[in-house]
Amino acid sequence: MRKRLLPVALAGVVLAAGLATPASAAPGDTIVTLTVVGAGGLTITVPASANLGTGTESSTVSGPLGPVTVLDQRASLTPNWTASVIATDFTTGGGTASETIPNINVTYWSGPATATSGTGTFTPGQQTAADAVIINVPRTAFSHTGGTGSNFASWNPTVAVAIPSGTVGGLYTGTVTHSVL
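Parameters at a glance
- Residues numbered from 1 in each chain as written.
- Predicted model: local features only at pLDDT ≥ 70, side-chain atom pairs only at ≥ 80, totals over all residues.
- Heavy atoms only, no water.
- Helix = DSSP H or I, 4+ residues; strand = E, 2+ residues; numbered from the N terminus.
- Buried < 20%, exposed > 50% of the residue type's maximum accessible area, 1.4 Å probe, protein only.
- Contact = heavy atoms within 4.5 Å.
- Pairing = 2+ DSSP bridges.
- Core = buried A, V, L, I, M, F, W, Y, C linked by side-chain atoms within 4.5 Å.
- Salt bridge = Lys/Arg side-chain N within 4 Å of Asp/Glu carboxyl O.
- Polar contact = N/O pair within 3.5 Å; in protein donor to acceptor, adjacent residues only side chain to side chain.
- Axes fitted to C-alpha atoms, helices over the stretch in contact; angles between N-to-C directions.

Before going further, it helps to spend a moment on the overall build of the chain. Check the secondary structure of the chain and you find 1 helix and 14 strands. Taking all 181 residues of the chain together, 25% fall into the buried category. In the chain, the proportion of contacts linking residues at least 24 apart, taken out of those at least 6 apart, comes to 76%.

In structure tokens, the structure reads:
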């Protein structure tokens, strides 16, 4: 009888030892992703209108256009942008030659930023009045390079209109268009 108890006892010890060892498994990894999007895109806001005042033929009328703001909410790794400006001819009445101030007579200077936010470099197209440019073709008004994420810049440009000799009296209207890419 003793011979039978020993194998049974040994089997019990082996079984108990096998159950006492904790089970382990290889770790499992889960790859988690998410997408970050900007709150919006790239926009530019400009004043609805501006009045430069009154002038006579052969004089120049100038004044501030009002705040121009570029808002970049693309949350980009490289949030570069360039704002451009161009003007139309200024006309009154029927827009005849004597009722037109050609856009070659319209100059612009952005001046420094009045406000900025975000990282990177904000660069005015024309820092001072001495840097003014004729805006009969698209010209750089302001730009942003470098940095990351969202940003904005505001400036208050000056527009000057040289009134040619022989220009008739009247209320002249033209359009100054800003765009951003």
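Structure's up, so let's keep going.
The next thing to look at is the sheet that holds strand β10 (residues 133–134). Strand order in the open sheet formed by 4 strands is β2-β13-β7-β10, with antiparallel pairing between adjacent strands. The open sheet terminates on both sides in strands that have one partner only, identified here as β2 (60–64) and β10. Alignment of strand β7 (residues 106–109) against β10, held across 2 bridges, turns out to be antiparallel. Its bridge partner lying in β10, tyrosine 108 is registered against valine 133.

This part takes up the pairing of β7. Side-chain alternation along β7 places Val106 and Tyr108 on a buried face and Thr107 and Trp109 on a face that remains uncovered. Of the pairings in the sheet, the one linking β7 to strand β13 (residues 158–162) comprises 4 bridges and is antiparallel in character. Each bridged residue has a counterpart across the sheet, and for threonine 107 the counterpart in β13 is alanine 160.

If you look at the biggest cluster of nonpolar residues, it comprises 23 residues, and the most contacted ones within it are Trp81, Ala83, Val106, Tyr108 and Trp155. The element that contributes the greatest number of residues to this core is strand β4 (residues 81–87), accounting for 4 residues.

For the rest of this paragraph, the subject is the environment of aspartate 72. In this fold, aspartate 72 is placed in strand β3 (residues 68–76). Residue classification places aspartate 72 among the buried residues on the basis of a relative accessible area of 0%. Along the chain, aspartate 72 and valine 180 lie 108 residues apart, while their C-alpha atoms are 10.0 Å from each other. In this view, aspartate 72 contacts Gly41, Leu42, Pro79, Trp81, Ser150 and Asn151; residues no more than four positions away in its chain are not counted.

Another point: the pattern of salt bridges. Under the counting rule described, the total for this entry stands at 1 salt bridge. The salt bridge partner of aspartate 72 is arginine 74, with a shortest N-O separation of 2.7 Å.

We now examine the side chain of threonine 69. Within the secondary structure, threonine 69 sits in strand β3. Side chain to side chain, threonine 69 and serine 154 meet in a polar contact 2.6 Å long. Excluding anything up to four places from it in sequence, threonine 69 contacts Thr43, Ile44, Thr45, Phe152, Ala153 and Ser154.

Taking strand neighbours across the sheet as the criterion, the 4 strands line up as β9-β11-β4-β14 in an open arrangement whose pairing is antiparallel. Both outer strands of the open sheet, β9 (121–124) and β14 (176–180), are each paired with one neighbouring strand and no more. Averaged over all neighbouring strand pairs, the angle between strand axes comes to 15°, with direction disregarded. Where β9 and strand β11 (residues 139–145) come together, 4 bridges link them in antiparallel fashion. The partner of phenylalanine 122 across the bridge, within β11, is histidine 144.

Phi is positive for serine 58, which is not a glycine, with a value near 70°. Assignment of secondary structure puts serine 58 in the loop between β1 (42–45) and β2. The exposed category is assigned to serine 58, whose relative accessible area is 56%. A positive phi is found at alanine 75, a non-glycine position, where the angle reads about 50°. Following the sequence through the fold, alanine 75 ends up in strand β3. When its relative accessible area of 37% is taken as the criterion, alanine 75 is described as partly exposed.

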